[in-house]
Amino acid sequence: MLAKWMTIHNKQNPFYELFDDICDIMAEYDVCFSLGDGLRPGCIADAADKAQLSELKTLGELTQRAQERNCQVMVEGPGHVPFNQIEKNMKLQQKYCNHAPFYVLGPLVTDIAPGYDHITSAIGGTAAGFYGASYLCYVTPKEHLGLPDIDDVRQGVVAAKIAAHAADVARGFGNASQRDKQLSIARAGFDWKNHIELSLDPKTAGKFHQEACKKSGKTSEKDDFCTMCGKDWCSMRINKELAKAYKK
Ligand code: SF4
């Protein structure tokens, strides 16, 4: 729309021309604002093309101008990037934009999975987070297909939270991996209640477990196996038997 306006009127982007005035207003009201990127890649074939990278340099210039006027800014990043180019994208943004917080739309690492773009974006989101992205925008399974409904939004948010948590674990942030450890201890101890409560999506985990129990006739929450391998083949149950035998 902006490009159309500029073409019709043969004028520079007014937001660019008036950027310093906009910064002054944002600074006066202490507003943190986002510098968007209209030339970001719309498919992985366009990733890191001339348009995207020259816009990133302009975003770096605007970041500097905003920071000089005491404005807090964040910078929008790409949405479609092959996995092997994600690190380069994150490093370039940090270099051009003076380490301003960078947020990415996924990024989707392949274009061939409409219907599953919450997954393609979560794969890229973990890599982006690991290499320095400050936050991830969620993508729903309906991306490129239609307006998401509430369930699509839920799936997209859960996928993005998984991606972000995986990146936090890999970067050694705070106690991120502590929850993984606690859940693993609950899992190994057949503590189904805590296993499910500590999970990122207890509603879905609990539903799956109950459904599986119901189907198989396994009713006790205290059972030392699940229906995945079954009682006879449950390696964790067998390990416990071994541990007991060795103790004797
Ligand atoms: S049955 Fe298999 S999946 Fe289930 S608790 Fe035992 S080892 Fe784990």
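No experiment lies behind these values; they were computed from the predicted model shown.

1. Observations concerning the packing of aromatic side chains
Throughout the structure, instances matching the rule amount to four aromatic pairs. Between Tyr103 and Tyr135 the ring centres are 4.9 Å apart and the planes differ by 0°, which places this aromatic pair in the stacked class. Linking Tyr103 in strand S3 (residues 102–105) with Tyr135 in strand S4 (residues 135–137), this pair joins segments that are 32 residues apart in sequence. The class of Tyr135 is partly exposed, set by a relative accessible area of 38%. Centre to centre, the rings of Phe190 and Trp192 are 6.3 Å apart; their planes meet at 50°, and the pair counts as tilted.

2. Quick look at the nonpolar core
Formed by 27 residues in total, the largest nonpolar core has its most connected members in Phe33 and Leu35. Of all the secondary structure elements, the ones that give two or more residues to this core are helix H3 (19–28), strand S1 (33–35), helix H4 (50–68), strand S2 (73–76), helix H5 (86–96), S3, helix H6 (117–130) and helix H7 (150–171). The element contributing the most residues to this core is H4, with four residues. Excluding residues within four positions of it along the chain, Phe33 makes contact with Phe19, Cys23, Met26, Ala66, Cys71, Gln72, Val73 and Met74.

3. Looking at the pairing of S2
Residues of S2 alternate between two faces, with Val73 and Val75 on one and Met74 and Glu76 on the opposite face, all of them buried. Strand direction decides the pairing type here: S1 and S2, joined by three bridges, are parallel. Its bridge partner lying in S2, Leu35 is registered against Val75. Note on the crossover from S1 through H4 to S2: the handedness is right-handed. Relative to S3, S2 runs parallel, the two being bridged by two bridges. Within S3, the position partnered with Val75 by the bridge is Phe102.

4. Let's talk about the layout of surface pockets
Of the volumes computed, that of the largest pocket is approximately 850 Å³. Lining the largest pocket are 31 residues, with Leu183, Arg187, His195, Ser199 and Ala205 sitting closest to its centre. Within the residue set of the lining of the largest pocket, elements represented by two or more residues are H7, helix H8 (176–188), helix H9 (192–197), helix H10 (202–216) and helix H11 (235–247). Ranked by residue count, the leading element in the lining of the largest pocket is H10, at six residues. A class-by-class count of the residues in the lining of the largest pocket yields 19 nonpolar, eight polar and four charged. Considered as a void within the structure, the second largest pocket measures approximately 660 Å³ in volume.

5. Quick look at the domain arrangement of the protein chain
Under the domain assignment, the protein chain is made up of domain 1 (2–173) and domain 2 (179–247). Computed from C-alpha coordinates alone, the two centres of domain 1 and domain 2 are separated by 40 Å. At the interface, six residues of domain 1 touch five residues of domain 2. At the boundary of domain 1 with domain 2, total buried surface from both sides reaches about 440 Å², with 59% on carbon and sulfur atoms. Three residues stand out in domain 1 for area buried against domain 2, namely Arg154, Val158 and His165, and they jointly supply 73% of the buried area on that side. Scanning the region where domain 1 abuts domain 2 turns up one salt bridge. Where Asp201 meets Arg154, a salt bridge forms, and the shortest distance between an N and an O atom there is 2.8 Å. For the interface between domain 1 and domain 2, the tally reads two residue pairs in polar contact (both at pLDDT 80 or more).

What counts and what doesn't
Residues numbered from 1 in each chain as written. Predicted model: local features only at pLDDT ≥ 70, side-chain atom pairs only at ≥ 80, totals over all residues. Heavy atoms only, no water. Phe/Tyr/Trp six-rings, centres within 6.5 Å; stacked < 30°, edge-to-face > 60°. Helix = DSSP H or I, 4+ residues; strand = E, 2+ residues; numbered from the N terminus. Buried < 20%, exposed > 50% of the residue type's maximum accessible area, 1.4 Å probe, protein only. Core = buried A, V, L, I, M, F, W, Y, C linked by side-chain atoms within 4.5 Å. Contact = heavy atoms within 4.5 Å. Pairing = 2+ DSSP bridges. Right-handed = clockwise from strand over helix to strand, strands pointing away. 1 Å grid on protein atoms, 1.4 Å probe; cavity = no way out; pocket = protein on both sides within 12 Å on 5 of 7 lines; lining within 4 Å. Points joined across faces, edges and corners; volume = space filled by probe spheres on them. Nonpolar A, V, L, I, M, F, W, Y, C, P; charged D, E, K, R; others polar. Domains from an automatic or database assignment. Buried area = accessible area lost by both parts, 1.4 Å probe. Salt bridge = Lys/Arg side-chain N within 4 Å of Asp/Glu carboxyl O. Polar contact = N/O pair within 3.5 Å; in protein donor to acceptor, adjacent residues only side chain to side chain.

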